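# Report on the structure
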Amino acid sequence: MSIPKKFLFLMAVAAGVCWGTYGTFATIMSNYGVSEGAISMIAPLGYGLFFLFLLIKDDIRKIIVTKRLIPIVLFYGVQSAVLNFSLVKAYLYLPIGIVSTIVFCNLFLLMVFCRILFKDKMTWQKGVAAGLAVLGIALVLNVFDLNFSWNLMGLVWTGLALLCWALMVTSEKYLLNCGVDGNAVMVFNGLFAVIFLCFYTAPWVVFANLGAAATASHGMVVLPLAAFIVVTSSGTYFFYINALKHLEAPIVQLGFVMDPLTASILGFAVFGQSLLPVQIIGVLLIISVVVWIQWLEIKAERASASGANL
């Protein structure tokens, strides 16, 4: 996919927007009778099959990795499994908004990992953008007005999810830098996620549930299901992996600040949910961060072009 380097960050933003549709389509499918287990399975199964199709269309042999990278792929799979498990456990102890805000702080850890492995620069702009992004998410999710008690086990599971997410993105970037095809990386991602989820919900139970929901809704569930597979599942990871091929991992992760913003706007537009003033401030803050990062990318590209012409 050919796109000017200065606009690559917009692909990361597009990935965040696509993932922000998760709650909307999941809620609609749930209203039609689709279970949470089925919804969780559909996402990785959808993008796993999508990238497998792209890989077969290109060259299926690209799924083969060298022996020295097999431990990295297996480590990547373990992180995927632990991330899914730790998020499930964290949501049992703490509100979703709190968990989402803390987990997004993986940005700071990701910057450290990328500095060590890839020698990426740790600039004040990245730090400020990450901090403002976390604050914007907290405001949009209205976490400062939540009535809850901190729970040690909840913090432990949330911290583990934060660590695993940073490790997963770092592993993906490492595999890409080692020449592994991006489509193959996403096939591995989907495969490991599906294998893990099978321990919670058997595949035949998922298909039985989807069949029952289709019958009960007279086929109406097919529309949100298709949108979920195309936009939320495949769209997110298509934009994500193409951005990660060319951009520093923390910059790509910053694009996912659009996730809660998109979810909040869709909640307002589709379900009539109200937006509090503090949430509107969060929306404006997130948009400001995205505009600022895009401006920095354009500025860096112009500087690079000027240097090349000297």
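The present account deals with the structure reproduced in this document. (Residues numbered from 1 in each chain as written. Predicted model: local features only at pLDDT ≥ 70, side-chain atom pairs only at ≥ 80, totals over all residues. Heavy atoms only, no water.)

## Quick notes on the pattern of salt bridges
- Evaluation of the coordinates by the stated rule reveals three salt bridges.
- K126 is the salt-bridge partner of E248, the closest N and O atoms lying 2.2 Å from each other. Of the two residues, E248 is situated in the loop between α11 (222–244) and α12 (249–255) and K126 in helix α7 (residues 124–140); the sequence distance between them amounts to 122 residues.
- By relative accessible area, which is 27% here, E248 ends up partly exposed.
- Residue classification places K126 among the buried residues on the basis of a relative accessible area of 11%. (Salt bridge = Lys/Arg side-chain N within 4 Å of Asp/Glu carboxyl O. Helix = DSSP H or I, 4+ residues; strand = E, 2+ residues; numbered from the N terminus. Buried < 20%, exposed > 50% of the residue type's maximum accessible area, 1.4 Å probe, protein only.)

## A short note on the packing of helix α1 (residues 8–19) against α11
- Contact geometry for α1 and α11: axes closest at 8 Å, N-to-C directions at 160 degrees. In terms of axis orientation, α1 runs roughly antiparallel to α11. By crossing handedness, the relation of α1 to α11 is classed as left-handed. Seen from α1, the contacting residues are L8, M11, A12, A14, A15, C18 and W19; seen from α11, they are V231, T232, G235, T236, Y237, F239, Y240, N242 and A243.
- Class assignment for the residues of the contact of α1 with α11 results in 12 nonpolar, four polar and no charged. (Axes fitted to C-alpha atoms, helices over the stretch in contact; angles between N-to-C directions. Parallel < 35°, antiparallel > 145°, perpendicular 65-115°, else oblique. Left-handed = near helix turned anticlockwise from the far one by under 90°. Contact = heavy atoms within 4.5 Å. Nonpolar A, V, L, I, M, F, W, Y, C, P; charged D, E, K, R; others polar.)

## Thoughts on the packing of helix α9 (residues 182–197) against α11
- At a minimum axis distance of 10 Å, the contact between α9 and α11 shows a crossing angle of 130 degrees. Considering their axes alone, α9 and α11 lie oblique with respect to each other. As α9 runs across α11, the sense of the crossing is right-handed. The residues of α11 that touch α9, namely those facing G182, V185, M186 and N189, are Y237, Y240 and I241.

## A closer look at helix α2 (residues 22–31)
- Looking at α2, one finds that the buried residues are T24, F25, A26 and M29.
- Considering only its buried residues, α2 is in contact with α3 (36–58), α11 and α13 (258–271).

## Quick word on the packing of aromatic side chains
- A complete count under the given rule lists 12 aromatic pairs for this structure.
- A ring pair is formed by Y22 and F228, whose centres lie 5.1 Å apart and whose planes are at 75 degrees; its orientation type is edge-to-face. With Y22 in helix α2 and F228 in helix α11, the pair connects residues that are 206 residues apart, well separated along the chain.
- Residue class for F228 comes out buried when judged on its relative accessible area of 0%.
- Seen in terms of ring centroids, F50 and F51 are 5.1 Å apart; in terms of plane orientation they differ by 75 degrees. Their pairing is edge-to-face.
- According to the relative accessible area criterion, F51 is buried, its value standing at 0%. (Phe/Tyr/Trp six-rings, centres within 6.5 Å; stacked < 30°, edge-to-face > 60°.)

Everything listed here is a matter of coordinates, which is why it stays silent on function.
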